[in-house]
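Each chain, letter by letter, is given below.
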Amino acid sequence: MQLTGTLAILLLAVSIVSYGLTGVASAQSNVPPVSVETDFPAYGETGVITVSGHVKDSIISEFKMPVTIKVQKQDGSLVGLDQVMIDRDGDFSTIINPGGAMTSSGDYTITATYNNNEGKTTFTYTGGSGGAAVVQVPEPVPEPVPEPVPEPVPEPVPEPVAIVEPEPEPEPQPMCGEGTVLEDGKCVVAQEEKGGGCLIATAAYGSEMAPQVQFLREIRDNTVLQTQSGTSFMTAFNQFYYTFSPTIADYERENPVFKEAVKVGLAPLLTSLTILNYVDIDTEQEMLGYGIGIIMLNIGMYFVAPAVVVVIVKNRRGNTLMEKKKEINIGKLPRVCKSRD
């Protein structure tokens, strides 16, 4: 009987422990990969919209990549786009000014995308044409404040003379080049608030305001990031691009000859991207079609065409060597002289 009671108590303890572990695992699995929210549920034409959120530790990439934030109407049309970087704790935040593309009142959806994971939230906009009237709250009438009774002025007490010790001279800080900033005593790549920077092109053309750099930024923000497939492509591309671009940008600033060579190498890419200025991309299918076409065109210009030129030059050189070898062999043949009787 005592053995049966002991077994029953052990069985009950195991059941309680397994139930607790199941609850903890369930609670952890319910945390969304990407969460996003606004500071208020509704906004008018004045003020700002503060958007904040959190990225789960398990999906944070080892490479620096931004969170893409899209603001859409109920019909799915895009009215706002932004990219922000997460901090060390996985948190992010940005500010959106109401108005502009928000031309009508209603509910709007905010979508935050990071590493192919999404989080959504909604808010109500009461401004714009056809918006709800804002009730003006009368300002409270301040109560009369009694005049303060003047207090007796105490006699001045002589202040003690403070002995100022000389401050230690600050340690010299390293000088960081263009496109990098000083952080924790080291020069690191400066990150832009929106979309990341074109580090290689900026170093090649000397400034972020160069026409070529502005052209690349406009193609990225106004064309590629306007579609879901383009946003996914830029997310994957940034993971690969930022692994080597800071090193190449630093070497460009140190070596002017390499800098000019990079300019020549970027010329075919800039030329092929001008095609996007003459087409209308309104659907995902069009973005995929033109995007794959431009990628294939650049592969042809940077890899196939040089390979063809090398093969042609090699064949011509081989033919020339064969002809010279034949001439040498013919010259070595013995000459037979016929004597006349």
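Everything below is about the structure printed above this text.
This one's a predicted model, so the numbers in the text were calculated from it and none came from an experiment.

**Q** I'd like a rundown of the pattern of salt bridges, residues and numbers included.
**A** Once the charged atoms of two side chains with opposite charge are near each other, the side chains can pair. Under the counting rule described, the total for this entry stands at three salt bridges. Of the charged contacts, one joins Asp221 and Arg220 as a salt bridge, the two residues approaching to 2.9 Å between their closest N and O atoms. For the pair Asp221 and Arg220, a shared accessibility class is recorded, and that class is buried. Taking the shortest distance from any N to any O, the salt bridge between Lys263 and Glu260 comes out at 3.7 Å. Of the two residues, Lys263 and Glu260 both sit in helix H6 (residues 256-273), three residues apart, roughly one turn of that helix.

**Q** Give me the packing of aromatic side chains: which residues, what numbers.
**A** Scanning the model with the defined rule gives 10 aromatic pairs in all. Each ring, one from Phe233 and one from Phe237, has its centre 6.0 Å from the other, and the planes form 20°; the classification is stacked. One end of the pair is Phe233 and the other is Phe237, both in helix H4 (residues 228-241) and four residues apart, which spans about a single turn. Taking relative accessible area as the criterion, Phe233 reaches 44% and is therefore assigned partly exposed. For Phe237, a relative accessible area of 33% translates into the label partly exposed.

**Q** So what about the sheet that holds strand E7 (residues 106-114)? Which residues, and what values?
**A** Each strand in a sheet pairs with its neighbour through backbone hydrogen bonds, running either in the same direction (parallel) or in the opposite one (antiparallel). The five strands lie next to each other as E2-E8-E7-E4-E5, forming an open sheet whose pairing is mixed. Taken across any chain shown, the strands that pair with only one partner, and hence form the sheet edges, are strand E2 (42-43) and strand E5 (78-84). Direction of pairing for strand E4 (residues 67-72) relative to E5: antiparallel, over a ladder of six bridges. Within E5, the position partnered with Val67 by the bridge is Val84.

**Q** Run through the side chain of Asp221, naming residues and quoting values.
**A** With respect to the element layout, Asp221 can be found in helix H3 (residues 211-222). When its relative accessible area of 11% is taken as the criterion, Asp221 is described as buried. Of note is the side chain of Asp221, whose polar atom sits 2.9 Å from the side chain of Arg220.

**Q** Hey, could you go over the sheet that holds strand E6 (residues 91-96) for me, with residue numbers and the actual values?
**A** If you trace the three strands from one edge of the open sheet to the other, you get E1-E3-E6, paired in antiparallel fashion. Strands at the two margins of the open sheet, each flanked by one partner only, are strand E1 (34-38) and E6. With direction set aside, neighbouring strand axes in the sheet form an average angle of 20°. Relative to strand E3 (residues 49-55), E1 runs antiparallel, the two sharing five bridges. Residue pairing across strands places Val34 opposite Val55, the latter belonging to E3.

**Q** An account of the packing of helix H5 (residues 245-254) against H6 is requested, with residue identities and associated values reported.
**A** Two quantities define a packed helix pair, namely the angle between the axes and the distance from one axis to the other. Across the interface, H5 lies against H6 with an axial gap of 5 Å and an inter-helix angle of 120°. Between H5 and H6, the angle falls in the class oblique. Contact residues: H5 offers Ile248, Tyr251, Glu252 and Glu254, while H6 offers Pro256, Phe258, Lys259 and Val262. Considering only residue class, the contact of H5 with H6 consists of five nonpolar, no polar and three charged.

**Q** Give a detailed account of unusual backbone geometry, specifying residues and quantitative values.
**A** Phi at Asn115 is positive, roughly 55°, even though this residue is not glycine. Looking at the secondary structure, you find Asn115 in the loop between E7 and strand E8 (117-125). By relative accessible area, Asn115 is classed as partly exposed at 25%. Phi is positive for Asn116, which is not a glycine, with a value near 65°. Note that Asn116 resides in the loop between E7 and E8.

**Q** Give me the layout of surface pockets: which residues, what numbers.
**A** The computed volume of the largest pocket comes to approximately 1200 Å³. Around the largest pocket, the lining is made up of 37 residues, and of these Phe233, Met234, Phe237, Leu269 and Leu273 lie nearest the centre. Secondary structure elements with two or more residues in the lining of the largest pocket: helix H2 (199-205), H3, H4, H6 and helix H7 (284-331). Taken together, the residues of the lining of the largest pocket sort by class into 28 nonpolar, eight polar and one charged.

Rules and cut-offs
- Residues numbered from 1 in each chain as written.
- Predicted model: local features only at pLDDT ≥ 70, side-chain atom pairs only at ≥ 80, totals over all residues.
- Heavy atoms only, no water.
- Salt bridge = Lys/Arg side-chain N within 4 Å of Asp/Glu carboxyl O.
- Buried < 20%, exposed > 50% of the residue type's maximum accessible area, 1.4 Å probe, protein only.
- Helix = DSSP H or I, 4+ residues; strand = E, 2+ residues; numbered from the N terminus.
- Phe/Tyr/Trp six-rings, centres within 6.5 Å; stacked < 30°, edge-to-face > 60°.
- Pairing = 2+ DSSP bridges.
- Polar contact = N/O pair within 3.5 Å; in protein donor to acceptor, adjacent residues only side chain to side chain.
- Axes fitted to C-alpha atoms, helices over the stretch in contact; angles between N-to-C directions.
- Parallel < 35°, antiparallel > 145°, perpendicular 65-115°, else oblique.
- Contact = heavy atoms within 4.5 Å.
- Nonpolar A, V, L, I, M, F, W, Y, C, P; charged D, E, K, R; others polar.
- 1 Å grid on protein atoms, 1.4 Å probe; cavity = no way out; pocket = protein on both sides within 12 Å on 5 of 7 lines; lining within 4 Å.
- Points joined across faces, edges and corners; volume = space filled by probe spheres on them.

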